[in-house]
Amino acid sequence: EVSNVQPLFKDGVNGIIAVAVMTPFMYVGFDVIPQAAEEINVPLKKLGKMMILSIIMAVSFYVLVVLAVGYVMNAEQIKTSMLSATGLVTADAMGVAFNNANMAKV
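Cut-offs and rules
Residues numbered from 1 in each chain as written. Predicted model: local features only at pLDDT ≥ 70, side-chain atom pairs only at ≥ 80, totals over all residues. Heavy atoms only, no water. Helix = DSSP H or I, 4+ residues; strand = E, 2+ residues; numbered from the N terminus. Contact = heavy atoms within 4.5 Å. Areas by Shrake-Rupley, 256 points an atom, 1.4 Å probe, with all protein chains shown as cover. Polar contact = N/O pair within 3.5 Å; in protein donor to acceptor, adjacent residues only side chain to side chain. Phe/Tyr/Trp six-rings, centres within 6.5 Å; stacked < 30°, edge-to-face > 60°. Buried < 20%, exposed > 50% of the residue type's maximum accessible area, 1.4 Å probe, protein only. Patch = residues over 30% accessible without salt bridge, like charges linked within 9 Å, V, L, I, M, F, W, Y side chains within 5 Å. Salt bridge = Lys/Arg side-chain N within 4 Å of Asp/Glu carboxyl O. Axes fitted to C-alpha atoms, helices over the stretch in contact; angles between N-to-C directions. Parallel < 35°, antiparallel > 145°, perpendicular 65-115°, else oblique. Left-handed = near helix turned anticlockwise from the far one by under 90°. Nonpolar A, V, L, I, M, F, W, Y, C, P; charged D, E, K, R; others polar.

As a further point, take the overall build of the protein. When you go through the protein residue by residue, the secondary structure sums to seven helices and zero strands. Tracing the protein from N to C terminus, the helices and strands come up as α-α-α-α-α-α-α. Looking at the protein alone, contacts between residues at least 24 apart form 38% of all its contacts between residues at least 6 apart. Just so you have it, the protein exposes about 8200 Å², and 69% of that area is on carbon and sulfur atoms.

Structural data, given as structure tokens:
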């Protein structure tokens, strides 16, 4: 429901800061970019554009994941999922979205 996303905007700056503080921990895979840049054989100008595009796409993906989880689960469900044995909120959101516990395992 759209109302699940409301606390972020209702809380104003505090909600946005809370998300912004957590977000850098999700960018673990960005060390792949310089490794790939060493091995790729393209002009430097094109390489720069590719790197910027890959960062924009990665940020967009993470934003969409956060919005999707917030859209599918309410605050109580997210808290329960965080305190569960696995703590995999995104996986639990898949189970809720498809109304099937096996989807959380996929």
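Residue placement: S81 occurs in helix 5 (residues 75-83). Separated by 2.4 Å, the side chains of S81 and D92 make a polar contact. Residues in contact with S81, not counting those within four places in the same chain, are M73, G87, L88, V89 and D92.

Applying the stated criterion across every chain, the model contains one aromatic pair. Centroid distance F61 to Y62: 5.8 Å. Interplanar angle 65°. Geometry classified as edge-to-face. On the basis of relative accessibility, which here comes to 52%, the residue F61 falls in the exposed class. Exposure remark for Y62: the relative accessible area of 24% places this residue in the partly exposed category.

A separate point is the environment of D92. Turning to its location among the elements, D92 is positioned in helix 6 (residues 89-98). Exposure remark for D92: the relative accessible area of 24% places this residue in the partly exposed category.

Attention shifts here to a nonpolar patch on the surface. Nonpolar side chains collect at one region of the surface, where I55, V59, V63, L64 and L67 lie side by side and expose about 390 Å² of accessible area between them. In this fold, I55 is placed in helix 4 (residues 44-72).

Turning next to the environment of V59. Checked against the element boundaries, V59 lands in helix 4. Assessed through its relative accessible area of 32%, V59 is described here as partly exposed. Along the primary structure V59 and T23 are separated by 36 residues, whereas in three dimensions their C-alpha atoms are 9.4 Å apart.

Helix 6 packs onto helix 5 with a crossing angle of 125° between their chain directions and a minimal axis gap of 9 Å. In this view, helix 5 runs oblique relative to helix 6, as classed from their interaxial angle. Along this stretch, helix 5 crosses helix 6, giving a crossing that reads as right-handed. On the side of helix 5, the interface is formed by Q77, I78, S81 and M82, while helix 6 contributes V89, D92 and V96. Looking at the contact of helix 5 with helix 6, its residues break down into four nonpolar, two polar and one charged.

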